[in-house]
Amino acid sequence: MPKQDRRQLRIDNVPTLEPDFSGLHFNLLYAAEGVQFDNEKDDVYTGVGNYERSVIKAVMLPLMNTTCLGNLAGHINKSAEPINQRAYANYKQGLERDNKLKALGIAVKPSFKPEWVEGFIEGIPEGTNGKHLLETLKQRHHVIAHHFGSKNLGIRLQNQDSAIMAAVLDV
């Protein structure tokens with residue numbers, strides 16, 4: 001749900017809150033290593049070479065959900081190719097058009113889905129080298145880098161995230 005729509009959510013006409021803990025999964029990994037990451041002074045998404053915060057944030061989800069960092073580097077490389085960026089923008093535009101038509105009850109033939117779309121990461125700058133980006137990210141977060149690429153990492157972190165939320169709701 002878009003952020004502006006979430007702001008309008010109400011329960012019994014009372015506005016809801018959406019607490020956000022920046023970089024929660026990174027912070028959970030640091031906690032597992034017995035290290036308190038200082039979010040007041042620092043941001044887990046910054047300080048990764050010359051990469052913009054938005055780029056690191058975009059790479060974080062696939063990073064936490066891959067068992068093969070080489071494949072992720074390849075997805076980053078493909079996402080950095082201008083021809084793929086244009087093709088993805090066209091594909092996304094077609095999906096939005098199809099969804100609008102479906103919402104109106106109009107049957108549509110699904111847009112052609114290129115094979116590489118599954119691993120495409122939006123927001124990767126042109127010419128980004130995936131291997132370099134991941135190595136720089138691992139250097140920045142050397143304390144937790146050994147977790148990257150481990151089996152079911154994202155699922156385990158989501159489970160911890162849910163357990164924390166459940167504990168908060170039980171209070």
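Everything below is about the structure printed above this text.
Report on the accompanying structure. (Residues numbered from 1 in each chain as written. Predicted model: local features only at pLDDT ≥ 70, side-chain atom pairs only at ≥ 80, totals over all residues. Heavy atoms only, no water.)

1. Details of the overall build of the protein chain
Along the backbone of the protein chain there are seven helices and two strands. Ordered by position from the N terminus, the helices and strands of the protein chain form the series α-β-β-α-α-α-α-α-α. Projected onto the principal axes, the alpha-carbon positions of the protein chain cover approximately 55 × 50 × 30 Å. Across the protein chain, the fraction of contacts at a sequence separation of at least 24, relative to all contacts at a separation of at least 6, is 69%. Element-wise, carbon and sulfur atoms account for 53% of the exposed surface of the protein chain, whose accessible area totals about 11,700 Å². Charge-centre separation for the protein chain: the mean point of 20 positive side chains lies 5 Å from the mean point of 20 negative side chains. (Helix = DSSP H or I, 4+ residues; strand = E, 2+ residues; numbered from the N terminus. Contact = heavy atoms within 4.5 Å. Areas by Shrake-Rupley, 256 points an atom, 1.4 Å probe, with all protein chains shown as cover. Lys, Arg positive; Asp, Glu negative; His and termini not counted. Charge placed at Lys NZ, Arg CZ, Asp CG, Glu CD.)

2. Describing the nonpolar core
F26, M64, I76, L133, L134 and F148 are the most contacted members of the largest nonpolar core, which totals 29 residues. Counting residues per element, the ones that place at least two in this core are α2 (24-32), α3 (53-64), α4 (69-79), α6 (130-140) and α7 (153-170). Looking at this core element by element, the count peaks at six residues for α3. Excluding residues that lie within four positions of it along the chain, M64 makes contacts with F26, L29, F148, L153, G154 and L157. (Core = buried A, V, L, I, M, F, W, Y, C linked by side-chain atoms within 4.5 Å. Buried < 20%, exposed > 50% of the residue type's maximum accessible area, 1.4 Å probe, protein only.)

3. With respect to a nonpolar patch on the surface
On the surface, I164, M165, V168 and L169 cluster together into a nonpolar patch covering about 400 Å² of accessible area. Owing to a relative accessible area of 64%, L169 belongs among the exposed residues under this scheme. (Patch = residues over 30% accessible without salt bridge, like charges linked within 9 Å, V, L, I, M, F, W, Y side chains within 5 Å. Salt bridge = Lys/Arg side-chain N within 4 Å of Asp/Glu carboxyl O.)

4. Considerations on the packing of aromatic side chains
Using the criterion set out here, one finds five aromatic pairs in the structure. Note on F26 and Y45: the rings are 6.0 Å apart at their centroids and 85 degrees apart in plane angle, and the pair reads as edge-to-face. Here Y45 lies in the loop between α2 and α3 and F26 lies in helix α2, a separation of 19 residues in the sequence. The two residues F26 and Y45 agree in class, both being buried. Taken together, a centroid distance of 4.2 Å and an interplanar angle of 15 degrees make the contact between Y88 and F120 stacked. Here F120 lies in the loop between α5 (82-103) and α6 and Y88 lies in helix α5, a separation of 32 residues in the sequence. For the pair Y88 and F120, a shared accessibility class is recorded, and that class is buried. Ring-pair connections join several aromatic residues into one group, and the members of that group are F26, Y45 and F148. (Phe/Tyr/Trp six-rings, centres within 6.5 Å; stacked < 30°, edge-to-face > 60°.)

5. Describing the environment of A107
With respect to the element layout, A107 can be found in the loop between α5 and α6. In sequence terms A107 and L134 are 27 residues apart; their C-alpha atoms lie 42 Å from each other.

6. A few points about the side chain of S79
Here S79 is to be found in helix α4. The buried category is assigned to S79, whose relative accessible area is 1%. At 2.7 Å, the side chain of S79 and the backbone oxygen of H75 are in polar contact. Beyond its immediate sequence surroundings of up to four residues, S79 is in contact with Q85, G119, F120, I121 and I124. (Polar contact = N/O pair within 3.5 Å; in protein donor to acceptor, adjacent residues only side chain to side chain.)

7. Details of the pattern of salt bridges
Any two side chains of opposite charge can pair if their charged atoms end up close together. Taken as a whole and assessed by the stated rule, the structure comprises five salt bridges. The residue D43 makes a salt bridge to R53 at a minimum N-O spacing of 2.5 Å. Here R53 lies in helix α3 and D43 lies in the loop between α2 and α3, a separation of ten residues in the sequence. Exposure remark for R53: the relative accessible area of 31% places this residue in the partly exposed category. Where E135 meets K138, a salt bridge forms, and the shortest distance between an N and an O atom there is 3.2 Å. Within this pair, E135 and its partner K138 are both found in helix α6, separated by three residues, close to a single helical turn.

So yeah, pure geometry; function would need other evidence.
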